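# Structure assessment
Listed here are the chains, written in short residue letters.
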Amino acid sequence: MERILVSACLMGRRVRYDGGAKTSTDALLAEWREEGRLVPFCPEVEGGLPTPRPAAEIEGGAGGAAVLAGAARVLATDGQDVTGAFLAGAQAALAVAGSFDIKMAILKEGSPSCGALAIYDGTFRGRRLPGQGVTTSLLELHGIKVFTEEHIAEAGDYLRALEA
Ligand code: SF4
């Protein structure tokens, strides 16, 4: 059975920067949870950050690949450079994925760690632009396909193809 890495906040865990969760009520996700497929993970917490914590964005809206390349930092609203924690969290996510031979993930859109199609632009003004978070970039670099919680049906198609 293929396992799926999933953002812990989508599973109801209160690990977000504001101390809350973003629980998904998607029926397919619930089915996979029942089957024991899901591996919940929060890269920011596993990278060593506390909950709650100041919100963070990638400077310049540069995207996770730039952070991995050392070309951009992740900064918190209080000015703290949290790049190291984000990189550590991404590496921990990759290690967990590897331990379960995971080939796909469902991660929370918009997050500087977990975003797959969109991130914030680094100004803390609520502006999104196309791009990926740090963990998503590292997972995809290693061939793990990342879907957002808004595209779980597509993830289902991908899973069927994997198991065909
Ligand atoms: Fe959710 Fe990912 Fe943010 Fe953790 S890092 S709270 S799993 S979006």
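Residues numbered from 1 in each chain as written. Predicted model: local features only at pLDDT ≥ 70, side-chain atom pairs only at ≥ 80, totals over all residues.

- The chain carries the name DUF523 domain-containing protein in an unreviewed UniProt entry, which gives Nonomuraea mangrovi as its organism.

### Notes on helix α5 (residues 134–141)
- The buried count for α5 comes to 6 of 8 residues, which makes it a mostly enclosed element.
- Among the residues of α5, Val134, Thr135, Thr136, Ser137, Leu138 and Leu139 are the ones counted as buried.
- Check the buried side of α5 and you find it contacts α2 (43–46), α3 (64–68), β4 (74–76), α4 (83–99), β5 (104–107) and β8 (145–148).
- A positive backbone phi angle near 80 degrees is found at Gly143, which sits one or two residues after α5. (Buried ≥ 20, exposed ≤ 12 C-beta atoms within 10 Å, placed from the backbone. Helix = DSSP H or I, 4+ residues; strand = E, 2+ residues; numbered from the N terminus. Contact = placed C-beta atoms within 7 Å.)

### Regarding the site of the ligand
- Near the ligand the following residues occur: Ser7, Ala8, Cys9, Val15, Arg16, Cys42, Pro43, Glu44, Lys108, Ser111, Ser113 and Cys114.
- For the shell around the ligand, a count of residues per class yields 6 nonpolar, 3 polar and 3 charged. (Near = placed C-beta within 6 Å. Nonpolar A, V, L, I, M, F, W, Y, C, P; charged D, E, K, R; others polar.)

### Thoughts on the packing of α4 against α5
- Close contact between α4 and α5 brings their axes to 9 Å; oriented N to C, the two are set at 40 degrees. By the angle between their directions, the pair α4 and α5 is classed as oblique. Note that α4 runs across α5; the crossing there is right-handed. Where α4 approaches α5, its residues Phe86, Leu87, Gly89, Ala90, Ala93, Leu94 and Ala97 are matched on the opposing element by Val134, Thr135, Leu138 and Leu139.
- Grouping the constituent residues of the contact of α4 with α5 by class yields 9 nonpolar, 2 polar and no charged. (Axes fitted to C-alpha atoms, helices over the stretch in contact; angles between N-to-C directions. Parallel < 35°, antiparallel > 145°, perpendicular 65-115°, else oblique. Left-handed = near helix turned anticlockwise from the far one by under 90°.)

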